[in-house]
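So the chains spell out like this:
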Amino acid sequence: MISIGICDDEAAMRKSLRTPLEQKLQLLGLDYQIFEYDSGESLMRGQKAQWIDILFLDIEMKALSGMDTARAIRKQNTRTLLIFVTAYPDFVFQGYEVHAFHYILKPYDERKIKSVLEQALKELGKNTSQYFTLEQKSGVYKIPVEKIVAFSSDKRKLMITLEDGDKLTFYGKLDNVMADLPDYFIRCHNRHLVNLNFVTALEKDNCICDTCSFPISRAYRSPLDIAFARLLLQ
C-alpha cells in the first residue's frame, strides 16, 4: 500500500494534483491511499504524517509555510519523499535543506506530475511497470506496455502488435488509447501509434520497428523526427 499526502491550502489545487496521481496509480495497478491537508498545521496534527511515503507539499501556504512544515516533518521523519509544489521556481533551491526529492511547478502539467510520481515510486522500490488491459470474449488480458510495438486502427477496430509478433484486436479509438500511454508512444500516422523504443529507422515514408513497418504521414513527420532524435540522445 502506497500512502500519499497532498498538502495545499487551495482545494482546487489539491484536486488538480490528485486526479492525475490517481490515474497513474490505477494504471500501474498499485494499492494506494491519498490523504489531503489544507494546511501545514493540519498535516502535522495527523498521525499519518509520520508514515506517508510521498508528500506533495505546497511551499506558499498561510501561517505555517511549506518550508516550515518540511522542517518539522524532517525532525521526526527522514523517510518520506518530499515533493514541493510551487508557482515560483526560485523557491525550489530551498528544498536542499530538507532533502526534497523533487518539485513540480504550478500551473500543473499532468505529464510532469505522472513522471515525478513514477520516479518517486522507483525510489521506493515499487514496480512501475504499466499495463494495458484488454477485455475479449476469451478473457481479460493484462499486457505490459513496454512489450507493445504499436497500435493500429481500421475504422472502429484497433490492433495491437506485440514484441513477439503476436497481434490482438479489439474495438476502440486510437485517441482514447493514446491518452493513457507513456510519452514514448507517438503517432506516425493518423491510423498508427508506435512505441519509440522499438523504432530502428525512419525512412522517407515508413517507420521501421524491427521487422514491422508503419506508414508516416506528412502531418506527423516532424514531431516523429524530433521525438526519435531525442531518444537517440538519451
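Now for a description of the structure that goes with this document. Because the structure is a prediction, the values reported are computed rather than measured.

## Quick notes on the overall build of the protein
Line of reasoning, step 1. Each helix and strand in the protein was counted, giving six helices and 15 strands.
Line of reasoning, step 2. Its C-alpha atoms give the protein principal-axis dimensions of about 60 × 40 × 30 Å.
Line of reasoning, step 3. The 234 residues of the protein split such that 45% are buried.
Line of reasoning, step 4. At a minimum sequence separation of 6, the contacts of the protein that also span at least 24 residues come to 51%.

## Regarding the sheet that holds strand β8 (residues 148–154)
Line of reasoning, step 1. Reading across the sheet, the five strands line up as β10-β9-β8-β12-β11 and stay open at both edges, with antiparallel pairing between neighbours. Since the sheet does not close on itself, it has two edges, and those belong to β10 (167–171) and β11 (185–189), each with one partner. Each neighbouring strand pair of the sheet contributes to a mean axis angle of 20°, computed without reference to strand direction.
Line of reasoning, step 2. As paired strands, β8 and strand β9 (residues 157–162) are joined by six bridges and run antiparallel to one another. Counted as the bridge partner of phenylalanine 151 is isoleucine 160 from β9.

## Comments concerning the pattern of salt bridges
Line of reasoning, step 1. Applying the stated criterion across every chain yields a total of twelve salt bridges.
Line of reasoning, step 2. With a closest N to O distance of 2.6 Å, arginine 71 and aspartate 68 form a salt bridge. Here arginine 71 and its partner aspartate 68 are both found in helix α3 (residues 66–76), three residues apart, which amounts to about one turn of the helix.
Line of reasoning, step 3. Between lysine 147 and glutamate 163 there is a salt bridge, with the nearest N and O atoms lying 3.9 Å from each other. Residue lysine 147 is found in the loop between β7 (139–144) and β8, and its partner glutamate 163 is found in the loop between β9 and β10; the two are separated by 16 residues along the sequence.
Line of reasoning, step 4. A single network of salt bridges, built from pairs that share partners, joins Arg14, Arg18, Glu22 and Glu36.

## So, the pairing of strand β3 (residues 54–58)
Line of reasoning, step 1. Of all five residues in β3, five are buried; the element is thus mostly enclosed.
Line of reasoning, step 2. Burial of the side chains of β3 extends over both faces: Ile54, Phe56 and Asp58 are buried on one face and Leu55 and Leu57 on the other.
Line of reasoning, step 3. One crossover worth recording links β3 to the parallel strand β4 (residues 81–86) by way of α3, and it is right-handed.

## Focus on helix α6 (residues 218–233)
Line of reasoning, step 1. Along its 16 residues, α6 runs 24 Å from first to last C-alpha, staying within 8% of the 22 Å computed at 1.5 Å per residue.
Line of reasoning, step 2. Listed as buried for α6 are Leu224, Ala227 and Phe228.
Line of reasoning, step 3. Packed against the buried residues of α6 are β11 and β13 (199–202).

Rules and cut-offs
Residues numbered from 1 in each chain as written. Predicted model: local features only at pLDDT ≥ 70, side-chain atom pairs only at ≥ 80, totals over all residues. Heavy atoms only, no water. Helix = DSSP H or I, 4+ residues; strand = E, 2+ residues; numbered from the N terminus. Buried < 20%, exposed > 50% of the residue type's maximum accessible area, 1.4 Å probe, protein only. Contact = heavy atoms within 4.5 Å. Pairing = 2+ DSSP bridges. Axes fitted to C-alpha atoms, helices over the stretch in contact; angles between N-to-C directions. Salt bridge = Lys/Arg side-chain N within 4 Å of Asp/Glu carboxyl O. Right-handed = clockwise from strand over helix to strand, strands pointing away. Expected span 1.5 Å × (residues − 1).

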